[in-house]
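Below, each chain spelled out in residue letters.
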Amino acid sequence: MLPADRSTTTLSKSGTNRPGSSFGTETPIQYVKGVGPKLGALLTSRGISTVSELLHFFPRQYEDRTKMAQVVNLREGEKATVSLRVIDLKRIPIRKLGRSILEVRCTDDSGLLSLKWFHVPKGMDARFKPGTQFVATGSVKVYLGKKEIIHPEISWGVTSSSDIEAGHPHVGRVIPIYTEIEGIPTRFLRKILWEAIEKFGAGLTEDIPSRFLAAHQLPTLAHSIREIHFPTGNGEDIQKLLEFATAYHHRLIYEEFFKFEYLILKQRLKMERSLAPTFGDQTGTHALQELEAVLPFQLTRDQKSAIQDISADLSQPHPMNRLIQGDVGSGKTAVAFLTAGLVLAQGGQVALMAPTEILAEQHHRNALKLFGIKLNIGLLTGKTSASDRALILGRLISGEPLLLIGTHALIEDPVQFKNLCYIIIDEQHRFGVEQRRTLRKKGTHLDPVSGRLLLPHNLALSATPIPRTLALTAYGDLSQTLIKELPPGRSPIQTKVVRTKSDQGLSYQLIRKELTQGHQAYFIFPLVNDSEAEGFTELKSAVAEAERLSTEVFPEFKVGLLHGQMRPEDKAKVMSDYLSKKLHILVSTTVVEVGVDVPNATIMAIVHAERFGLSQLHQLRGRVGRGKSQSYCFLFTHQNTGETTTQRLEVLEETTDGFKIAEADLEMRGPGEFLGTRQAGSLPFHLANIVRDRDWLLKARDDAYALLREDPDLIRSENISLKCYFSREGQTQFERLKTS
């Protein structure tokens, strides 16, 4: 039987709790009964190298096998567990295939049931001797009036209710179903987990301080692990198990959030304790006022509030680490330029890094347009000539107060700043941690007065509103400012989901009307070429549709094509023609999602809108509505689009609030839409879900913050176990998230 919830364990020399034996939960996986070197190597390659990692490989679902069915009551299509006795067996030859089917006829004294195998494991026949008793589980079929189960799961050695009551991993209980690993069936995984829990389960170390567990009435780790894998209930609570809503699931969910939030908050505390140059005198304030005075528009309340937040941070002797979130067109870059002017006026250098040349050039163009010579601005991209590059590098080395706008070119080795004090990163999630770290190192320098190391201030901009629950995990080490107001004079974009051909015709009429009035339109497609359709022949591509729109639909207007496979100079030429109104329609892929600012464009038409996430659709929609004219967004999709997709797209019809859309997208699609698939997959959670378990996230964050305030170095006796965990592997989790 599985062990009871014991608390007496011995401590090994390495500090690992061990259940009264020479083995502990850090034992290599190959030493678990039934594994061995070969399977051990396979499991290790899939991230399960120790007993502890095996115990944290949780079921994906559960199946109720608490009740034995009788053959006489079996119905076609149901999954059942039956205690059977072998009557006889035979081989049914299939001459065409050169093999045979194994059929075993059985009974439970209430009726006859056939078990069949089309692929027969070696030695299977010998196990089914007449009179042998066992338990079979599988889906019932009826063939020629006879009941049968194809490829059932067999449990040997279970012949009576007393056997089941004695404890068995496969029958007589709610059993766990695991994701198969490289052909290792869930039954085998269930068996080795049963063995691992029996031998090592009581040796699991409690890392979370007991007072926090007690405050939330959470069970012990050993008890929780055992109950999650092999519930002792009678099947009535299976719905809670399937929803990860038992107290035992909550215990593990809380622990995952607690450990992660502790590291996030510790990183934030570390930044708050570091030193940075200060920019808070009257010179900077006066420069800020002068720059604001030349703006051709009034700042919104949110923009003013953001400037106050940043100015307050810059005046502190600790590095700012702030994220500004706001919809496309909310004025984030204007805030960045103004606060950059504050730093320049006091002798500091500023770097603004953008993910694309188009966006960098646009920022440079807008800064010059808004402030002219009042801001000392430079541009550095891959297209910068050698002579201009040399000139810029010389200005940086001399210490000239300069706002240098650029792409990844800013982090190349030849680029050296003498006094980089303020770093602005636009669309931070598009840069890897090493790229951000390299730029930050260029601003790390010794204070000539105190001789102490100073770090630069950091500001991140995001046009993708990030839901609060996600922000608390992925961006929890950043202070956050929201810009929700749009500049005055902007009309909300009218959005329409287009499903039928008649609606498409009406949409084309409105688009033609806008083009005739001198406005411009975008048509966005998910694919560049038809060859990318991968079997989805109904999908339209940018290349093919650009030709069709030009020759068949809008022949009186000029159509341009833009996609990521084009050469940089060709992309620049197309964008230049579109900006100068030489093109009426721009057919593109999502390459226009970031960086294109065309106030004259009033139409955004997105074809196969069902292929995009809500936040991405919202980003694309934000490419229009940047002027004073009414703008429109058409979401073209199939008439037979499923209910879920329809509900998703209707969210965009109902609101232009990016934060509401972001929350809806997070609930429907998960964090990948915001972090990128790779980074989202790196959130180090086995059970926790930031949407479903939001309440536990907030509880864990509050508790982690309390612990950091009380014992930041974890030196108290009740916190030593947690300290050992972090020194062993916890920091790796944090780095894995941040480096994705």
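Here the structure is a predicted model, which is why all the values come from computation and not from measurement. Per chain, residues are indexed from 1 in the order of the written sequence. The model is predicted, so local features are restricted to residues of pLDDT at least 70 and side-chain atom pairs to those at 80 or more, both for listing and for counting; the totals for chains, interfaces and linings are taken over all residues. With hydrogens and water set aside, each side-chain value is computed from the structure's full complement of heavy atoms.

Asks: Could you clarify how one ought to interpret the overall build of the protein chain in this entry?
Replies: The way it works is that DSSP assigns letters per residue, a run of H or I at least four long becomes a helix, a run of E at least two long becomes a strand, and they are numbered from the N terminus. When helices and strands are tallied, the protein chain shows 26 helices and 25 strands. A 1.4 Å probe rolled over the protein chains alone gives each residue an accessible area, and that area as a share of the maximum for its type sets the label: buried under 20%, exposed over 50%, partly exposed in between. When the 740 residues of the protein chain are sorted by exposure, 53% land in the buried category. Every residue pair with non-hydrogen atoms within 4.5 Å of one another is taken to be in contact. Sequence-distant contacts, at least 24 apart, represent 74% of the contacts inside the protein chain between residues at least 6 apart.

Asks: Would you mind going over the nonpolar core with me for this structure?
Replies: Buried together is how nonpolar side chains tend to be arranged in soluble globular proteins. Put simply, buried Ala, Val, Leu, Ile, Met, Phe, Trp, Tyr and Cys residues joined by side-chain atoms within 4.5 Å make one nonpolar core. Formed by 68 residues in total, the largest nonpolar core has its most connected members in V32, L43, Y254, F257 and F258. When residues in this core are grouped by element, the largest group, 10 residues, is from helix 9 (residues 247–273). In this structure, F258 is in contact with I208, P209, F212, A700, D703, A704, L707 and L722, ignoring residues within four places of it in sequence.

Asks: Honestly, the pairing of strand 7 (residues 133–143) in this entry has me stumped. Any pointers?
Replies: Within a regular strand, the side chains alternate between the two sheet faces. Across seven bridges, the pairing between strand 4 (residues 79–94) and strand 7 is antiparallel. By the bridge assignment for strand 7, K79 is matched with S139. Where strand 7 meets strand 9 (residues 153–156), four bridges bridge the pair, whose relative direction is antiparallel. If you follow V135 over to strand 9, its bridge partner there is S155. Here a strand pair is declared whenever DSSP counts at least two bridges between the two strands. Here strand 7 folds back onto strand 8 (residues 146–150) in antiparallel fashion, the turn holding two residues, of which L144 has a positive phi close to 55 degrees.

Asks: I'm lost on helix 5 (residues 186–200) in this one. Help?
Replies: Side chains three or four residues apart in an α-helix point the same way, a direct result of the helix having 3.6 residues per turn. The length a helix should cover is 1.5 Å for every residue beyond the first. Counted at 1.5 Å a residue, the expected span for helix 5 with its 15 residues is 21 Å, and the 20 Å between its end C-alpha atoms agrees. Along helix 5, the positions that sit buried rather than exposed are T186, L189, R190, I192, L193, W194, A196, I197 and F200. Against helix 1 (36–45), helix 2 (51–55), strand 9, strand 10 (174–177) and helix 7 (221–229) lie the buried residues of helix 5.

Asks: Which parts of the structure should I look at to understand the side chain of T81?
Replies: For T81, the location among the structural elements is in strand 4. Looking at T81, its side chain comes within polar contact range of the side chain of T137, at 3.0 Å. In this view, T81 contacts R65, K67, M68, A69, V135, A136, T137 and V171; residues no more than four positions away in its chain are not counted. Contacts described as polar in this section are N or O atom pairs within 3.5 Å, which, within protein, must combine one atom able to donate a hydrogen with one able to accept it, while residues neighboring in sequence count only if both atoms come from side chains.

Asks: Help me understand the pairing of strand 11 (residues 321–326) in this model?
Replies: With respect to burial, strand 11 is a largely interior element, six of its six residues being buried. Of the two faces of strand 11, the one lined by N321, L323 and Q325 and the one lined by R322, I324 and G326 are each fully buried. Where strand 11 lies against strand 18 (residues 457–462), five bridges are found, and the strand directions are parallel. Across the sheet, residue L323 finds its bridge partner in strand 18, namely A460.

Asks: Before we go on, may I ask you to explain unusual backbone geometry in this structure?
Replies: Among all residues save glycine, negative phi is the norm, and among peptide bonds the norm is trans. We note that L144 has phi near 55 degrees; this positive angle belongs to a residue other than glycine. Relative to the helices and strands, L144 resides in the loop between strand 7 and strand 8. Despite not being glycine, L714 has its phi angle at roughly 55 degrees, a positive value. Position of L714 relative to the elements: it lies in the loop between helix 25 (694–710) and helix 26 (720–738).

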